[in-house]
Each structure stands twice: as structure tokens, then as C-alpha cells.
Amino acid sequence: MKILNPNDFFLKFQNCSFENNVMKLMPKTSLLQTFGQVFDFRGDADEEKFDFFYRYCQSHLDEYSKIYNFHPAYLYIAQNEYFNSVAQPKTNVIAISKEVIKQLKNFFWDNLDFENDQSLINFRDINKWLLAECNKSLNQFVFEFASFFSYYHELAHLMQEAEYKALGNTTSLNEYGYTNSNFNVEHHLREIDSDFFAANQVAYHVLSLYEDAKIFFNEVENEILYNIIMLSMASIFAYRIRHFRGLEDIYYYERSHPHSAIRIIIISKVFLSFLSKHSKNLTPDEQQILIGNSLGFADKIAGVNYSSRFSDLIKNGNDKIAEYWDYMSNESPKYSYLLTGRI
Ligand SMILES: [Zn+2]
């Protein structure tokens, strides 16, 4: 699998505009009926955030769809409030609900005041440095980590389809329609696989920020670097924590999608092993502390108290999780279109 460094796309996305792409999408009316009409964010109070997210993702999608032979592919912001994000492999379209972007804007701009909030004093220097150096606030960075995660997850579903077709299959893998259906190992694997890909992609963004900070703040200032990793994990956790509502009890072999707590475990594993491999070697103890702190922080960002319920489980696991993981790991080689090969 060819993986591109997502940071390269910031250079390209100037050419991408809402007007150009949405006009091409409009004729696909059956799709819009299923997923909800296009949300035209021009003139919205949060236009800038929508526009940034939209242009980055669409230009990234253009590039990936060419490499994976599913060009043209489109992303749009949907009016629909009943789902968060969805990919329709048959038409190569990704829809992200406008409520996701609105909520993440609320989490990362409205709830995090790095300048004045005393409890966030540890992040003040990083924020100041980013504003001076990149003309971008820490709020913008964490918004990107979480919102891009939702897009990368859906992109992975389109890539799975492309791999599936490349194996000679003529039918289609469809995510839509099975969100609340019964347990199906293949569906669980697809979700895990997409989370793997998304966590890996976001880790690239974090690594790039982390490497720049390392030069500026001097390697001895470990606390600053630690805070960058902690906050970036918390931003993705906050995105996932939104899905905890109604899932207060852990489950394994039920429903079509893995439980959010299990997904957070997967994200943490991928994320921390990526950073350990490419930059900062984190001991198992350091990883446990990071995960615990990130969960607490995610609760703060999201204004909830969900993480504590699953905190021990996420940090320490249990026999059932180990068994679930073994099962998935043994099953995954049967589905050769999965991007990770073996979970
Ligand atoms: Zn999915």
C-alpha cells in the first residue's frame, strides 16, 4: 500500500474550491437523498472552518483516488444530523455531517482558551510559538487532528473498496446501512482497519508538529513535547467519546461496529507505536500515563465524564479484550482487501 505523507497536501489545496466540486456532485441525486443534501457553508458563521476542512480533504481525496483508481471521488458536508460520517464506495463519495464540524469547533475553539484558562497554562507557550511561527493557533491544530480523523476513516473505506475490486470482485462493500445491524466479523474488521489507517495518518500530522517543536523548544523540554502528544491523543479521543452515549456497557461480539472504548484502544496502540517508531521512544509505563491523562483531558474538552467509566479498561485491558483481539487478528488474513493485512 502506498501511503503519502498528509502534510504535503497543505501545499496543494489552494486549487480546490467548493463551487467547482459540488457542481459535479449535484447530479448524483440518489446519493444526496440517502445521505442528506449538500450543506452550502458559504455565509455560515463558521465558514472559515468548513472551508479549510473541505478544501484540505477534497484535495487529499483527489490525490488518493488517482493512486487507488477510484477517481473522481467527492467529499461533501451534509445537512443530515443523524449520522456523523459515511462513505459510499459504490459512488466514491464521503459525506460528513455538518454537526460533526460544528461540534468539533465547539470543542476546540469554544472550550479551550489557551491564553487565559489557568488549567491550560501548560499549553500557553506552544500556542504562542505556533501563532508566531505558523500563523495558526493550537486550537486550529487540534481541530485538524480530530476532524481529519473522521475523513481519513471514511477514505480508508473507499480504499478498501478499491482493493476489493482490484481482487476481481464485482459487487460493492457498503458501509451505509449496517451501523446498527448485528455482529459481523468482516464489518468489525473493516472498522478496525479504517481506524488503523486514520490513526496512522493523524500521527503523521502530530509527528510533524512534534519535530518542529523539538527544534524550537530544545529537546530537554520534555514536558512540552509530552503535552503535544497528550493533547493530540485527547483531541481524537474527544471525537470518539461523542459516540459513547448509549454505549455505557462494553460489548464485543454485538452490533456491526466495535465499541468506542475498543476503538480508542486501537487508536492509542497505533498512534503511540507510530510515534515510538519514528521519533520518541515511549516506555509502556509512559504510554499508560499518557493514555490516562489524554482520556481525562478528552472528557474536559467534550464537557462529559465518560472516559472514567472505561479508563481502567482502556489502560489495562482485560481477558475479553485480549480474546476479541486474538479473534480479529486470526480472522483478518481472510479479507485480503484490508489495508493493514493483518490486524
Ligand atoms: Zn467506518
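The structure we're discussing is the one just above.
Just so it is clear, the structure is predicted and the values come from calculations on it, not from any experiment.

*Asks:* Could you clarify how one ought to interpret the overall build of the protein in this entry?
*Replies:* Scanning the protein from terminus to terminus reveals twelve helices and three strands. The proportion of buried residues among the 343 residues of the protein is 43%. Looking at the protein alone, contacts between residues at least 24 apart form 72% of all its contacts between residues at least 6 apart.

*Asks:* Hey, could you run me through the packing of helix α8 (residues 222-241) against helix α9 (residues 260-278) in this one?
*Replies:* Relative to each other, α8 and α9 sit at 155 degrees, their axes nearing to 10 Å. Classed by the angle they form, the pair α8 and α9 counts as roughly antiparallel. Relative to α9, the crossing made by α8 is right-handed. Along the contact surface, α8 presents I229, M233, I236, F237 and R240, while α9 presents S260, R263, I264, I267, S268, F271 and L275. Across the contact of α8 with α9, the residue classes break down as eight nonpolar, two polar and two charged.

*Asks:* Would you explain the sheet that holds strand β2 (residues 85-88) in this entry?
*Replies:* Taken together, three strands build an open sheet; the order of strands is β1-β3-β2 and the sheet is mixed. Of all the strands in the sheet, just β1 (74-78) and β2 have a single pairing partner and so form its edges. Across this sheet, the average inter-strand angle for adjacent strands is 20 degrees, counted without regard to direction. Here helix α6 (residues 138-166) sits on the sheet in contact with β1, β2 and β3 (93-97), set at roughly 20 degrees to β2.

*Asks:* What should I look at first to understand the pairing of β2 in this one?
*Replies:* For a regular strand, side-chain orientation follows a simple rule: the groups alternate between the two sheet faces. Along β2, one buried face is formed by S85 and A87 and the opposite face, lined by V86 and Q88, is buried too. Connecting β2 to the antiparallel partner β3 that follows it, the hairpin turn spans four residues, and N92 within it adopts a positive phi of roughly 60 degrees.

Reading guide: rules and limits
- Residue positions are given per chain, counting from 1 as you read along its sequence in written order.
- Reporting of local features is limited, given that this is a predicted model, to residues whose pLDDT is at least 70; pairs of side-chain atoms are given and counted only at 80 or more, and all residues count toward the totals for whole chains, interfaces and linings.
- Comment: elements are numbered from the N terminus, with helices defined as DSSP H or I runs of at least four residues and strands as E runs of at least two.
- Think of it as a crowd count around each C-beta: if 20 or more other C-beta atoms lie within 10 Å the residue is buried, if 12 or fewer it is exposed, and in between it is partly exposed, with C-beta placed from the backbone throughout.
- Residue pairs are scored as contacts if the distance between their C-beta atoms, which are placed from the backbone, is within 7 Å.
- What counts as an axis is a line fitted to C-alpha atoms, over the stretch in contact for a helix, and the angles between N-to-C directions run from 0 to 180 degrees.
- Orientation labels follow simple angle bins: below 35 degrees gives roughly parallel, above 145 gives roughly antiparallel, 65 to 115 gives roughly perpendicular, and whatever is left gives oblique.
- With the far helix as reference, a near helix turned anticlockwise by less than a right angle produces a left-handed crossing, and one turned clockwise produces a right-handed crossing.
- Three residue categories are used. Nonpolar comprises Ala, Val, Leu, Ile, Met, Phe, Trp, Tyr, Cys and Pro, charged comprises Asp, Glu, Lys and Arg, and polar comprises the others, including Gly.
- Paired strands, in this sense, are two strands between which DSSP finds at least two bridges.

Functional significance is not addressed by these values, which are geometric in nature.
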